[in-house]
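Each chain, written out:
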Amino acid sequence: MSKLPDVGTTIFTIMSKLANDHEAINLSQGFPNFDVDHELINTLKRNAENNAFHQYMPMTGFPRLNLAVCDAVQSSYKRALDPSSEVLITAGATQGIFTAIMALIEKDDEVIILDPSYDCYDPAVVLAGGRPVHVSLSKDFKVDWDAVQGSMNDRTRMIITNNPHNPSGRVWVNEDFMRLEALMESYPNVLILSDEVYEYITFENKHISINERSSLIDRSIIVSSFGKTFHITGWKIGYLVANKFLMDEIKKVHQFNVFSVNSIGQATLADYLTQVDLNSLGSFYQKKRDLFRSLLQSSKFDLLPCEGTYFQAARYDKISTLDDVSFCKELTMRHGVAAIPISVFNKSGVDNRVIRFCFAKTDETLIEASNKLCRI
Ligand code: GLN
C-alpha cells in the first residue's frame, strides 16, 4: 500500500548522482556553484554568535524578516501587506506549497497543473485528497488558455501557476494575466497558487507578479524562495503571501508541519534583505545566460527562448534520436555534462525531446561544459 504509488526518486537526485558518479559537470539540478556574497556569510556568523537567535522563532516568522518581505513586495510590486497576518516564512518554497495545498484542498477538489510542471505540486494535491488535472503548455511553453478554460468545472478549486517557469525559462506576458483574470471572473471560488520563486530572475522583460493584479490578490497564494534570490538553495527558507482569510487556514497546517523556521537563517535574511538590491539579480543572471548561449552557438543544440530563471532549454534533434531521459544519461556518461530531461515533468510522459541546462554556474564551469557540448 502506497499513498503515492507513481512516485519514485526525483529526477534531480537521479541526475546529480549520475553526474557525481561519472564526474560530469552538473548542469542538471538547479543550484549555483559559485560563492555566496561574503556579506551574507559575515551576517550569518554574527547572528550565530548572538544568543538571542538560537531558540524558536515566532510561528509566522521572525518579525523583522516578515517586515523586510513586506518592504520588498511594496517596493517591487506596490502592494501593501500586513507583516503578521499576510506573510508566512516557510522552510523553502516546497514546504510553503505543500502547506498551502494541505490547508486549502479538500477531498475530490480538482487542481489545475500546467505541464511541464515542477515536481512537488502533483504529490501534494494527491496527499490532500484532491485530483490533479494536468493541462499541457504549448510546444513553445506558452499557456494554452483555451485548454485551461476547457478543463475547468464546478469541482475546480485551484490553479497552480509558475512564472517565471521552471523548466522552460519562459515568462508570462500581460495578455496571460488578462486571460487568467477573465477566466477567474467565471469561477469565483477558484484559488491561484502562484509559484514565483524566480521572481527576481527575469531578463529583457520585468517579472509581472500576481501581487500586482488587484482583482486576483484576494484569491491568491504567492510563493517565493530565498534559495533562488540569494544563491542559498541549501538554506531552505522561503515565504508565502496571502490575504489574512487564506493565511489563517494555512497557518493552522504550518504550525503542525514545521511550527517555525530556522532561527539564525531568518535573523540573517532579515538583516541582509535591507542591504541588497534585489533588482540587480536579473542582470547578474542575464550575463550568464548570454555567455552560455553564445558559447553554445557553434554546437548542434537548438536553444529555446530563455526569458527568466536560470535554466536554458534546448532541443537535440540534430544530435540524437534517443528519448530525452536516455539522451541525458548518455550526455552525462559519455560526454561529461549532466542535464535534466523535460518529459519527466509531463504527467502524460510526452517527450518533445527537449532538455534543460542550469546556467547558475561560474563562467569557468559554463565554458568547460560548453566546450564539451560543442564537441558532440
Ligand atoms: N528546483 C531545483 C531544480 O529545478 C531542484 C530542487 C530539488 O532538487 N528538489 O533543479
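Preceding this paragraph is the structure being described.
Figured I'd write up the structure that's included with this text. Residue numbers here run from 1 along each chain, matching the order of that chain's written sequence. Reporting in this predicted model follows two pLDDT cut-offs: at least 70 for local features of residues, and 80 or more for side-chain atom pairs to be given and counted; totals over whole chains, interfaces and linings ignore these cut-offs and use all residues. To get the side-chain values, all heavy atoms of the structure are used, and hydrogens and water are removed first.

1. Quick word on the site of the ligand
So, step 1. Any residue with a non-hydrogen atom lying within 4 Å of a molecule or strand is treated as near it. What surrounds the ligand is the set Phe-12, Gln-29, Gly-30, Tyr-118, Asn-166, Lys-228, Phe-311 and Arg-356.
So, step 2. Polar contact is the term for a pair of N or O atoms within 3.5 Å; when the atoms are in protein, one must be able to donate a hydrogen and the other to accept it, and sequence-neighboring residues count only if both atoms are side-chain atoms. Gly-30 is positioned such that a nitrogen or oxygen atom in its backbone is 2.6 Å from an oxygen atom of the ligand.
So, step 3. Residue Tyr-118 places a side-chain N or O atom 3.2 Å away from a nitrogen atom belonging to the ligand.
So, step 4. Under the convention used here, a 1.4 Å probe and the Shrake-Rupley method define accessible areas, while residue burial counts only the protein chains that appear. The protein chains hide 79% of the 300 Å² of surface that the ligand would expose on its own.

2. Comments concerning the pairing of strand 6 (residues 191–195)
So, step 1. Taken across its 5 residues, strand 6 has 5 buried, putting it largely inside the fold.
So, step 2. By the bridge criterion, 5 bridges tie strand 5 (residues 156–162) to strand 6 in an arrangement that is parallel. Residue pairing for strand 6: Ile-159 is matched across the bridge by Ile-192.
So, step 3. Crossover handedness is defined here as right-handed if the route from the first strand over the helix to the second strand goes clockwise, with the strands pointing away from the viewer. Here a strand is any run of E in DSSP of at least two residues, a helix any run of H or I of at least four, and the numbering for each starts at the N terminus. Note on the crossover from strand 5 through helix 7 (residues 174–186) to strand 6: the handedness is right-handed.
So, step 4. With 4 bridges connecting them, strand 6 and strand 7 (residues 220–225) associate as parallel partners. Following the sheet pairing, Asp-195 is matched in strand 7 by Val-223. When a residue's accessible area, from a 1.4 Å probe over protein chains only, is under 20% of the maximum for its type it is buried; when over 50% it is exposed; and in between it is partly exposed. At least two bridges found by DSSP between two strands is the condition for calling them paired.

3. A closer look at the packing of aromatic side chains
So, step 1. Stacked, edge-to-face and tilted labels apply to pairs of Phe, Tyr and Trp rings (six-membered ring for Trp) whose centres lie within 6.5 Å, assigned for plane angles under 30 degrees, over 60, and everything in between, in that order. For the structure shown, the criterion picks out 21 aromatic pairs.
So, step 2. Ring geometry for Tyr-198 and Phe-311: centres 5.7 Å apart, planes at 80 degrees, overall edge-to-face. One end of the pair, Tyr-198, is in the loop between strand 6 and strand 7; the other, Phe-311, is in strand 10 (residues 311–315), and 113 residues separate them in sequence. Neither residue differs from the other here; Tyr-198 and Phe-311 are each classed as buried.
So, step 3. Pairing Phe-301 with Phe-357 gives two aromatic rings, centres 5.6 Å apart and planes at 85 degrees, and the pair type is edge-to-face. With Phe-301 in the loop between helix 11 (281–295) and strand 9 (302–303) and Phe-357 in strand 13 (residues 354–358), this pair connects stretches of sequence that are 56 residues apart.
So, step 4. Among the residues examined, Phe-357 registers a relative accessible area of 0% and is labelled buried.
So, step 5. Of the aromatic side chains, those joined through ring pairs into one cluster are Phe-34, Tyr-198, Phe-284, Tyr-285, Tyr-310 and Phe-311.
So, step 6. A ring is considered to have a charge above it if a Lys NZ or an Arg CZ atom is located within 6 Å of its centre and within 35 degrees of its normal. Here the guanidinium or amino end of Arg-356 rests over the ring plane of Phe-311, the centre of that ring lying 3.6 Å away.

4. So, the environment of Gln-55
So, step 1. Considering the arrangement of structural elements, one finds Gln-55 in the loop between helix 2 (38–48) and helix 3 (63–77).
So, step 2. Placed 300 residues apart in sequence, Gln-55 and Ile-355 show a C-alpha to C-alpha distance of 44 Å.

5. Structural notes on the pairing of strand 2 (residues 87–90)
So, step 1. Neither face of strand 2 is exposed, since Val-87 and Ile-89 on one face and Leu-88 and Thr-90 on the opposite face are all buried.
So, step 2. In terms of strand pairing, strand 2 meets strand 8 (residues 238–242) through 4 bridges, oriented antiparallel. Counted as the bridge partner of Ile-89 is Tyr-239 from strand 8.

6. Some words on the pattern of salt bridges
So, step 1. Salt bridges, as used here, are contacts in which a Lys or Arg side-chain nitrogen is within 4 Å of a carboxyl oxygen on Asp or Glu. Counting across every chain of the model gives 17 salt bridges.
So, step 2. Linking Asp-108 and Lys-107 is a salt bridge whose minimum nitrogen-to-oxygen distance equals 3.3 Å.
So, step 3. The exposure class assigned to Lys-107 is exposed, which follows from its relative accessible area of 63%.

7. Quick word on the sheet that holds strand 7
So, step 1. As summarised here, the arrangement of the 7 strands in space is 2-8-7-6-5-3-4, forming an open sheet in which the pairing is mixed. Strands with a single pairing partner mark the edges of an open sheet, and in this sheet they are strand 2 and strand 4 (131–136). This sheet shows a mean twist of 20 degrees between the axes of neighbouring strands, independent of strand direction.
So, step 2. Lying on the sheet, helix 3 is in contact with strand 2 and strand 8; it crosses strand 2 at an angle near 115 degrees. An axis is simply a line fitted to the C-alpha atoms; with a helix, the fit covers only the stretch in contact. Between two such axes, the angle follows the N-to-C directions and lies from 0 to 180 degrees. Contacts: residue pairs with any heavy atoms within 4.5 Å of one another.

8. Side note on helix 13 (residues 363–374)
So, step 1. Take the residue count of a helix, subtract one, and multiply by 1.5 Å to get its expected span. Taking 1.5 Å of rise per residue, 12 residues should cover 16 Å, and helix 13 covers 16 Å from first to last C-alpha, within 8% of that figure.
So, step 2. Looking at helix 13, one finds that the buried residues are Thr-365, Leu-366, Ala-369, Ser-370 and Leu-373. Seen end-on, helix 13 carries its buried residues on one side only, within an arc spanning 125 degrees.
So, step 3. Where the residues of helix 13 are buried, they touch strand 1 (25–26), helix 11, helix 12 (324–335), strand 11 (337–338) and strand 13. Working note: the arc is built from the helix axis to C-beta atom directions.

9. Examining unusual backbone geometry
So, step 1. For the bond running from Asp-115 to Pro-116, omega is 5 degrees, close enough to zero to count as cis.
So, step 2. By secondary structure assignment, the location of Pro-116 is in the loop between strand 3 (110–115) and helix 5 (121–127).
So, step 3. Omega for the peptide link from Asn-166 to Pro-167 comes to 15 degrees, which places this bond in the cis form.
So, step 4. Looking at the secondary structure, you find Pro-167 in the loop between strand 5 and helix 7.
So, step 5. In this structure, His-231 is a non-glycine residue whose phi angle is positive, near 60 degrees.

Just distances and angles here, no functional claims.
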